[in-house]
Amino acid sequence: MLFGPTSKGRERPLAGRWGSRGSAAVTIAARLTFDNVARSFGSVHALRGVSLDISPGEIVCLLGPSGCGKTTLLRLTAGLERPTAGRILINDLVVGGREIHVPPEQRGVGLMFQDFALFPHLTLLENTAFGLNALAREDARKVAHSALERVGLAKYADEYPHILSGGEQQRVALARAIAPRPGILMMDEPFSGLDTRLRDEMREETLTILRETSATCMLVTHSSEEAMLMGNRVALMREGLLVQVGTAEELYHAPADIHAARMFSDLNEFPVIAKAGKVDTPFGKRALKGVASGSEAVACVRQRDVRIVPAGRGQAGRILSTRFLGETALLEIGVQGLDEPILARVRESHAKQPGCEVGVQVDLKDILVFGVPSRDKGDA
Ligand code: ATP
């Protein structure tokens, strides 16, 4: 039985909204809402009050370090786990809460996990049709066939998984996930097992398929590049909390804290002390509001924002080493007045040889400054 909010805020049962897992004639993208969702495992607080509203058809990428709760959020959405507190709603109907638990097969949520294991003893068609148990056998085969066609593998429908490459197996897993035309698709690091070239291809292809099927999607990744590429929005998690949610541009240009900044850029970091709402960085003074005088803070400059100019301009520096990285080069520079060398990422054609005297400039607007929360001290 399913439940939805009433105008009085109480839950009312909604029978028969979702049937068991079959294939809808068309995908109807669903709204997905997390309302203060928490999940603990004994003393481990895997999720601590997550609230997020995902619009129908939107792709949200969950990004964060290992153990921050990404997979737990996916498993709760799919109904494989129950929240300890809070509610999960699909199209404004509660599907998961302390008292309510709609079973996975009635949620219309598709899953594609990292280890997209296919059954070795089933053909690709049978693998793809595996979850379509609400359909008559022939109908399930037709739906599975068209899903395989969509990922370009219909010609192998009667073959077994072992003949496929890793990328092709991944395509079958995608076909299996989209075959029931779920309103919501959960993808847990779907590309992590693929080599770089295949990964780029699969990302593009998956994006095209997601747009076509218009399913609402939550995709877990460790890669900030993948999150920015795939997501309409990126949800940054840490220690069971949502730290920041926004577009790739918002997170890149205005990171909420030093950890968020580190996820998106390679930084030079300088410990500084706040004084009267300002900090004195190696490249000039910057404002830092809301931090008491005498507090520790950290000033950051992205490696790509360090400009190398002719000696005599900017701050005096000397190139200590140069690493060739293809289109760019990474320069290690000793800068007068700084204890530690800084790193600058420049176009390869602008690279300088070790020993070369240079000037170093950084625009004030390119300096990010963050207060250091007391529990982070010693870590920044
Ligand atoms: P990764 O990126 O490494 O997959 P994650 O962000 O997906 O990590 P989760 O798998 O959601 O993290 O785990 C969050 C925390 O909850 C971790 O500390 C993990 O050990 C713990 N955890 C998850 N599932 C269980 C479980 N079934 N029993 C006990 N602890 C669990």
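In every chain, residue numbers begin from 1 and rise along the written sequence. pLDDT decides what is reported in this predicted model: residues at 70 or higher carry local features, side-chain atom pairs at 80 or more are listed and counted, and totals for whole chains, interfaces and linings draw on all residues regardless. With hydrogens and water set aside, each side-chain value is computed from the structure's full complement of heavy atoms.

## Quick notes on the nonpolar core
Nonpolar side chains in soluble globular proteins tend to end up buried together. Only buried residues count toward a nonpolar core, which is a set of Ala, Val, Leu, Ile, Met, Phe, Trp, Tyr and Cys residues joined through side-chain atoms within 4.5 Å. Exposure categories follow from relative accessible area, calculated using a 1.4 Å probe and restricted to protein chains: below 20% of the type maximum is buried, above 50% is exposed, and the middle band is partly exposed. One finds L148, L174 and M187 to be the most contacted residues of the largest nonpolar core, which totals 45 residues. At six residues, helix α4 (residues 166-178) tops the list of elements feeding residues into this core. By definition in these notes, contact holds between two residues if any of their heavy atoms fall within 4.5 Å. Once residues lying within four places of it in the same chain are set aside, the contact partners of L174 are M112, V151, M187, M202, T206 and I209. Residues A30, V60, L73 and V109 belong to the second largest nonpolar core, which totals 29 residues. Numbering of helices and strands runs from the N terminus; a helix is a DSSP stretch of H or I covering at least four residues, while a strand is a stretch of E covering at least two.

## Brief notes about α4
The span you would expect from a helix comes to 1.5 Å times its residue count less one. Helix length check: α4 (13 residues) gives 19 Å between terminal C-alpha atoms against 18 Å at 1.5 Å per residue, within 8%. Inspection of α4 places G167, Q170, R171, V172, A173, L174, A175, R176, A177 and I178 among the buried residues, and these make up the whole buried set. Looking at the buried residues of α4, the elements they touch are β8 (109-112), α2 (124-129), α3 (137-150), β9 (184-188) and α5 (196-213).

## Concerning unusual backbone geometry
Located in the positive-phi region is N36, a residue other than glycine, with phi close to 55°. Among the secondary structure elements, N36 is positioned in strand β3 (residues 32-41). Despite not being glycine, A276 shows a phi value in the positive range, around 50°. Judged by its relative accessible area of 67%, A276 falls in the exposed class.

## What to know about the environment of R313
With respect to the element layout, R313 can be found in the loop between β17 (307-310) and β18 (315-324). Between the alpha carbons of R313 and G183 there is a distance of 58 Å; along the sequence they are 130 residues apart. Once residues lying within four places of it in the same chain are set aside, the contact partners of R313 are G359, V360 and Q361.

## A look at the domain arrangement of the protein chain
These domain boundaries are the output of an automatic or database domain assignment. The domains assigned to the protein chain are domain 1 (16-253), domain 2 (265-302 + 364-380) and domain 3 (307-361). With centres defined by C-alpha atoms, the gap from domain 1 to domain 2 works out at 39 Å.

## Here we look at the packing of aromatic side chains
Classification of ring pairs uses Phe, Tyr and Trp, with its six-membered ring standing for Trp, and accepts pairs whose centres are within 6.5 Å; under 30 degrees between planes counts as stacked, over 60 as edge-to-face, and the remaining range as tilted. Counted according to the given criterion, the structure contains two aromatic pairs. With centroids separated by 6.0 Å and ring planes inclined at 70°, the aromatic side chains of F270 and F283 adopt a geometry described as edge-to-face. A residue pair is termed long-range when its members are at least 10 positions apart, and F270 in strand β13 (residues 267-275) and F283 in the loop between β14 (278-281) and β15 (284-287) qualify at 13 residues. Grouping residues by exposure puts F270 and F283 together as buried. When the ring centre of Y252 is taken as origin, the NZ or CZ atom of R302, which lies over that ring, is 4.2 Å away. Either the NZ atom of lysine or the CZ atom of arginine qualifies as a charge over a ring when it sits within 6 Å of the ring centre and within 35 degrees of the ring normal.

## A look at the site of the ligand
Here a residue is considered near a molecule or strand provided that any single heavy atom belonging to it is located within 4 Å of it. As a structural note, the neighbourhood of the ligand is formed by 13 residues, with S66, G67, K70, T71 and T72 the closest of them. Pairs of N or O atoms are called polar contacts if they sit within 3.5 Å, as long as, within protein, a hydrogen donor faces a hydrogen acceptor (for residues adjacent in sequence, only side-chain-to-side-chain pairs). Contacts to the ligand include S66, whose side-chain N or O atom sits 2.5 Å from an oxygen atom. In isolation the ligand has 630 Å² of accessible area, and contact with the protein removes 60% of it. Put simply, the parts of the chain that give the shell around the ligand at least two residues each are β4 (44-54) and α1 (70-78). Tallying contributions element by element places α1 first for the shell around the ligand, with three residues. Taken together, the residues of the shell around the ligand break down into five nonpolar, six polar and two charged. Note on areas: these come from Shrake-Rupley sampling with a 1.4 Å probe, and a residue is covered only by the protein chains present in the view. Ten residue types, Ala, Val, Leu, Ile, Met, Phe, Trp, Tyr, Cys and Pro, are classed as nonpolar, four, Asp, Glu, Lys and Arg, as charged, and the remainder, Gly among them, as polar.

## Concerning the pairing of β13
As judged from the seven bridges shared by β13 and strand β16 (residues 296-302), these two strands associate in the antiparallel manner. Its bridge partner being in β16, E269 is matched across the sheet by C300. Here, a strand pair is defined by DSSP locating no fewer than two bridges between the strands. The hairpin formed by β13 and β14 contains two residues between the paired strands, and A276 there has a positive phi angle of roughly 50°.

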